[in-house]
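A look at the structure
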Amino acid sequence: MSLTTNYQEEILKQRQQLHMTVFAQCVSPDGKYLLAGNSYGTIAVYSLNAALSPDANEAALKPIFTFKAYDGAIYALTTTEKFLISAGLGEIKAWNWSEIIKKSPRVVWTLSAPKSSHLGLTETNGLAYNSKDNVLYSGGGDNHMYAWDLETGTCTNTFQGHQDYIHSVALFNQSQQIVSASEDGSVRIWDPRNEGEAVGILEPYKHDECKRSQLGKWISCVAVDSGDDWLVCGGGPSLSLWHLRSLSPTVTFDTPNTCPQIVTFHDSSIISGGNAASIDHWNINGDLKTRVPCTSSSVFSIVINTASQHNRVLSAAGTSPNIDIYTNFGYKAFSLQFC
């Protein structure tokens, strides 16, 4: 290989680093590995044991290996006990964890959404896995959410009602219900036992305390608390907390001109990230507990490792090749490098 070719490849790599976005993260079932998917279709595998070791060096902050999963961006990652599941444009793909750990990943099965007459390949933006029923839920660019029986690999239900593409899907914790958030400005609650319309619809942009007309009506993120009492969502409208029995907003969170893109419940807190270089920790009453700086100027993914107490961390990723690791959640301990 010539020096010119080497130089060109290095310049291309540097440009990719400069413009990289990490949209998705996932922790392995044993809590030992963190995986991240970027805008170039590459998945990076990190050893949390190595990164968190007292003897960790610079090499421990880099992937133990990477592999190409898609030609375009990876928008969602989730896990079962046996498989890593990834999504982007086109097929949903599954990778065996045992083969990933051996650094020899291969696609072991795929799922393809039913073809639309007016759409070609569509992207999947959100995944949620119900381990009790072994069902995967997916939602994306064709405005529909699908239920997949992973035992048979078949689509068992199609949830229709959104008028624009779906950004996010999440599970209830105590019931079989699922929730989806869409560009159309609605959050819809679905019961898989009902094949008709959504059993509940929230439209934050229609509520004066939530709407921010100058930022749009789209809803990019949604989460449900462990008791299925509360739902939090946001996007163009303010981040807001909704009581699920009354389907009414009770709290809005003070994020002026900042649009949330990811949100999760953790213990008695709500943790959110968006188009600002920070991770926000909120009390359930709307008070800001702490705002922690992060590397990314826009945050798309927050993952908390609950599978391993030894490797219990929060990781945040977005518009940067650096994935920030928070060991006590209150400050950034170090950053992993996507390279």
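Conventions and cut-offs
Residues numbered from 1 in each chain as written. Predicted model: local features only at pLDDT ≥ 70, side-chain atom pairs only at ≥ 80, totals over all residues. Heavy atoms only, no water. Helix = DSSP H or I, 4+ residues; strand = E, 2+ residues; numbered from the N terminus. Rg over C-alpha atoms; globule rule 2.2 N^0.38 Å. Buried < 20%, exposed > 50% of the residue type's maximum accessible area, 1.4 Å probe, protein only. Contact = heavy atoms within 4.5 Å. Pairing = 2+ DSSP bridges. Axes fitted to C-alpha atoms, helices over the stretch in contact; angles between N-to-C directions. Phe/Tyr/Trp six-rings, centres within 6.5 Å; stacked < 30°, edge-to-face > 60°. Lys NZ or Arg CZ within 6 Å of the ring centre and 35° of its normal. Core = buried A, V, L, I, M, F, W, Y, C linked by side-chain atoms within 4.5 Å. Polar contact = N/O pair within 3.5 Å; in protein donor to acceptor, adjacent residues only side chain to side chain.

1. Concerning the overall build of the protein chain
Along the protein chain, the regular secondary structure elements total three helices and 28 strands. By the compact-globule yardstick of 20 Å for 339 residues, the protein chain fits well, its C-alpha radius of gyration being 20 Å. Taking the principal axes of its C-alpha atoms as reference, the protein chain extends roughly 65 × 45 × 40 Å. Taken across its 339 residues, the protein chain has 51% of its residues classed as buried. In the protein chain, the proportion of contacts linking residues at least 24 apart, taken out of those at least 6 apart, comes to 44%.

2. Notes on the sheet that holds strand 7 (residues 92-96)
Across the sheet, which stays open at both edges, the four strands sit in the order 5-6-7-8 with antiparallel pairing between neighbours. The two strands at the open ends of the sheet, each matched to only one other strand, are strand 5 (74-79) and strand 8 (107-111). Shown here is a sheet whose adjacent strand axes are inclined to one another by a mean of 25°, direction ignored. Alignment of strand 5 against strand 6 (residues 83-88), held across five bridges, turns out to be antiparallel. In the sheet register, Ile74 faces strand 6, and the bridge partner there is Gly88.

3. Some thoughts on the packing of aromatic side chains
Using the criterion set out here, one finds nine aromatic pairs in the structure. Between the aromatic rings of Tyr137 and Phe159, the centroid separation amounts to 6.3 Å while the plane-to-plane angle is 50°, which identifies the pairing as tilted. Taken together, the residues Tyr137 in strand 10 (residues 135-140) and Phe159 in strand 12 (residues 154-159) connect sequence positions 22 residues apart. When its relative accessible area of 1% is taken as the criterion, Phe159 is described as buried. Counting every residue linked through ring pairs, the aromatic cluster contains Phe23, Tyr75 and Phe300. Between the NZ or CZ atom of Lys93 and the centre of the ring of Tyr70, over which it lies, the distance is 4.3 Å. Just above the ring of Phe329 sits the side chain of Arg312; from NZ or CZ to the centre is 4.5 Å.

4. Side note on the environment of His310
With respect to the helices and strands, His310 occurs in the loop between strand 25 (299-304) and strand 26 (314-318). In sequence terms His310 and Gly126 are 184 residues apart; their C-alpha atoms lie 28 Å from each other. Dropping the residues within four chain positions of it, His310 is found in contact with Asn49 and Leu52.

5. Describing the sheet that holds strand 12
With respect to topology, four strands assemble into an open sheet ordered 9-10-11-12, the strand pairing being antiparallel. Strand pairing shows two members of the sheet lacking a second neighbour, strand 9 (124-130) and strand 12, which therefore form its edges. Adjacent strand axes in the sheet meet at a mean angle of 20° when their direction is disregarded. Pairing between strand 10 and strand 11 (residues 145-149): five bridges, direction antiparallel. Paired with Ser138 across the two strands is Tyr146, which belongs to strand 11.

6. A closer look at the nonpolar core
Across soluble globular proteins, you tend to see nonpolar side chains buried next to one another. Counting residues in hydrophobic clusters, the biggest one holds 18 residues, and the most contacted among them are Leu34, Tyr46, Ile323, Leu336 and Phe338. Contributions of two or more residues to this core are made by strand 1 (22-27), strand 2 (33-38), strand 3 (42-47), helix 2 (48-51), strand 27 (322-326) and strand 28 (334-337). Setting aside its immediate chain neighbours within four residues, Leu336 contacts Leu34, Tyr46, Ala51, Ala60, Leu61, Pro321, Asn322, Ile323 and Ile325. In this structure, Phe67, Ile74, Trp95 and Ile100 belong to the second largest nonpolar core, which totals 16 residues.

7. Focus: the environment of Ser298
Mapping Ser298 onto the fold places it in the loop between strand 24 (288-293) and strand 25. Linking Ser298 and Cys259, residues 39 residues apart in sequence, is a C-alpha distance of 9.6 Å. Here Ser298 is in contact with Gln261, Gly274, Asn275, Ala276, Gly318 and Thr319, once residues within four sequence places are set aside. Looking at Ser298, its side chain comes within polar contact range of the side chain of Gln261, at 3.0 Å.

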